[in-house]
Amino acid sequence: MTVLAGADAAAIARAAATLREGGLVAFPTETVYGLGADATNAWAVARIYDAKGRPSFNPLIAHIADIESARREALLPEAALRLAEAFWPGPLTIVAPVAPGGSVCELARAGLPSVALRIPDHPVAQALIAALGRPIAAPSANRSGHVSPVTAAHVAEDLSGRVEMILDGGRTTAGLESTIVSFCEATPILLRPGAISREAIEKVLGEKLAAPARAEVLAPGMTASHYAPDARLRLEAHELEPGEGALDFGGRLTALAPPGATVLDLSPVGDLVEAAANLFAYLREFDARGVRSVAVAHIPERGLGEAINDRLRRASAPRLD
Ligand code: TXA
Ligand code: MG
């Protein structure tokens, strides 16, 4: 049975006890809701993959309390520490070689000699990590291949009956997953664009982020139809075809939509941060309203536009099912 609780002190204490016993707790972060387990307990971590219905054991992000914990878990080069100082707590995930004695279990790392770490900027997530006293492994709290959840209700839709507890901390603010940067090679690599822009990270690093050499590292984020709603998406649309809904940006398609068409504007004023925060909720909204195909307006490829376009391309990729 899944307990849906508010995020008061009593609920957080109960959630930490649930994690300590190997249970699963979905919790809010500033990006999306996470599906959490004790990162040091492989059995608990295995339940994450099961609950998500993931086709394979992909490496998970370990959510930690502070930079000292990060240094216990990973060998962080100076450049990684600079990023950590600049962006933690916040939507940055750092991948680095595992430190000797690191506590994140191998299953959470999918057998890799590296570990993904982040300090979330959300009071509920921070309180839960502090109460557990260990890293919390957490992918986004959705069924595999589905849109990432930004409210407790989205989590319940996907995972009710599959997790012990859902902590409701309201709607998340960033609405887009963390940016992932790897420090496992000679130069830092952008593994996944996300809520912090490439430009902001390169500014702190004083160098350009490289692209991943092999796509395989990044499953599931790199697999074709990840983040997919049921509706079919047609990108870079300049008009609506008969029967289509529209996912708009800056009011481009709204003006052209026939009466009765479902039009959701990610940001009527053309703000990419607002658009990122609305993205997943709007994709779900088309499904909820039974819209089968959606024309998507052009989104500029700058700032958070890179991550938004990345998600939209995956959501529109041909599906196997
Ligand atoms: O904002 C976020 O990052 C959210 C919240 C809950 O923190 N979490 C999230 O987790 O998006 P998930 O599991 O959906 O995505 C984690 C990504 C995956 O693409 C995974 O392959 C990559 O991180 N990753 C984790 N460990 C890695 C490693 N050692 N090397 C390369 N990639 C890794
Ligand atoms: Mg995910």
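Structural data are supplied above this passage.
Treat the numbers as computed from the prediction; the structure is a model and nothing was measured.

Visitor: Sorry, what's going on with the side chain of T262 here?
Guide: Position of T262 among the secondary structure elements: in the loop between β12 (245–248) and β13 (263–265). If we ignore the near neighbours within four places in the chain, the residues touching T262 are G245, A246, F286, R289 and V291.

Visitor: Just checking my understanding: could you explain the packing of helix α1 (residues 9–20) against helix α5 (residues 123–132) for this structure?
Guide: Two elements in contact, α1 and α5, have axes separated by 9 Å at closest approach and are oriented at 50°. The angle between α1 and α5 falls in the class oblique. As for the relative orientation of α1 and α5, their crossing is right-handed in sense. For the pair formed by α1 and α5, the contact residues are I12, A15, A16, L19 and R20 on the first element and V124, A127, L128, A131 and L132 on the second. Looking at the contact of α1 with α5, its residues break down into nine nonpolar, no polar and one charged.

Visitor: Sorry, what's going on with the site of ligand 1 here?
Guide: Looking at ligand 1, there are 25 residues lining it, with T31, H63, S114, S178 and R192 nearest. Protein chains shield 98% of the accessible area of ligand 1, which is 690 Å² for the free molecule. Secondary-structure elements contributing two or more residues to the shell around ligand 1 are β4 (61–63), β6 (114–118) and β10 (189–192). The element that contributes the greatest number of residues to the shell around ligand 1 is β6, accounting for three residues. Considered class by class, the residues forming the shell around ligand 1 number 14 nonpolar, seven polar and four charged.

Visitor: Honestly, the sheet that holds strand β3 (residues 34–38) in this entry has me stumped. Any pointers?
Guide: Hydrogen bonds between backbone atoms are what pair the strands of a sheet, whose relative direction is either parallel or antiparallel. Taking strand neighbours across the sheet as the criterion, the ten strands line up as β1-β8-β2-β3-β7-β4-β6-β5-β9-β10 in an open arrangement whose pairing is mixed. Bordering the open sheet on either side are β1 (3–6) and β10, each of which pairs with just one other strand. For β4 and β6, the ladder comprises three bridges, and the chain directions are parallel. Among the inter-strand pairings, A62 is bridged to a residue of β6, identified as L117. Helix α4 (residues 78–87) contacts β5 (92–97) and β9 (179–182) of the sheet and is inclined by roughly 160° relative to β5.

Visitor: I would appreciate a short explanation of the pattern of salt bridges in the present structure.
Guide: Proximity of charged atoms lets side chains of opposite charge pair with each other. Counting across every chain of the model gives 16 salt bridges. Salt-bridge contacts for K208 lead to E202; the nearest nitrogen and oxygen are separated by 3.7 Å. The salt bridge involving E244 is made with R234; its shortest N-O contact spans 2.8 Å. Highlighted residues: E244 in the loop between β11 (232–234) and β12 and R234 in strand β11, separated in sequence by ten residues. With relative accessibility at 7%, the residue E244 sits in the buried group. The structure contains a network of salt bridges with shared partners spanning E177, D310, R311 and R314.

Rules behind the numbers
Residues numbered from 1 in each chain as written. Chains lettered and ligands numbered in written order. Predicted model: local features only at pLDDT ≥ 70, side-chain atom pairs only at ≥ 80, totals over all residues. Heavy atoms only, no water. Helix = DSSP H or I, 4+ residues; strand = E, 2+ residues; numbered from the N terminus. Contact = heavy atoms within 4.5 Å. Axes fitted to C-alpha atoms, helices over the stretch in contact; angles between N-to-C directions. Parallel < 35°, antiparallel > 145°, perpendicular 65-115°, else oblique. Left-handed = near helix turned anticlockwise from the far one by under 90°. Nonpolar A, V, L, I, M, F, W, Y, C, P; charged D, E, K, R; others polar. Near = heavy atom within 4 Å. Areas by Shrake-Rupley, 256 points an atom, 1.4 Å probe, with all protein chains shown as cover. Pairing = 2+ DSSP bridges. Salt bridge = Lys/Arg side-chain N within 4 Å of Asp/Glu carboxyl O. Buried < 20%, exposed > 50% of the residue type's maximum accessible area, 1.4 Å probe, protein only.

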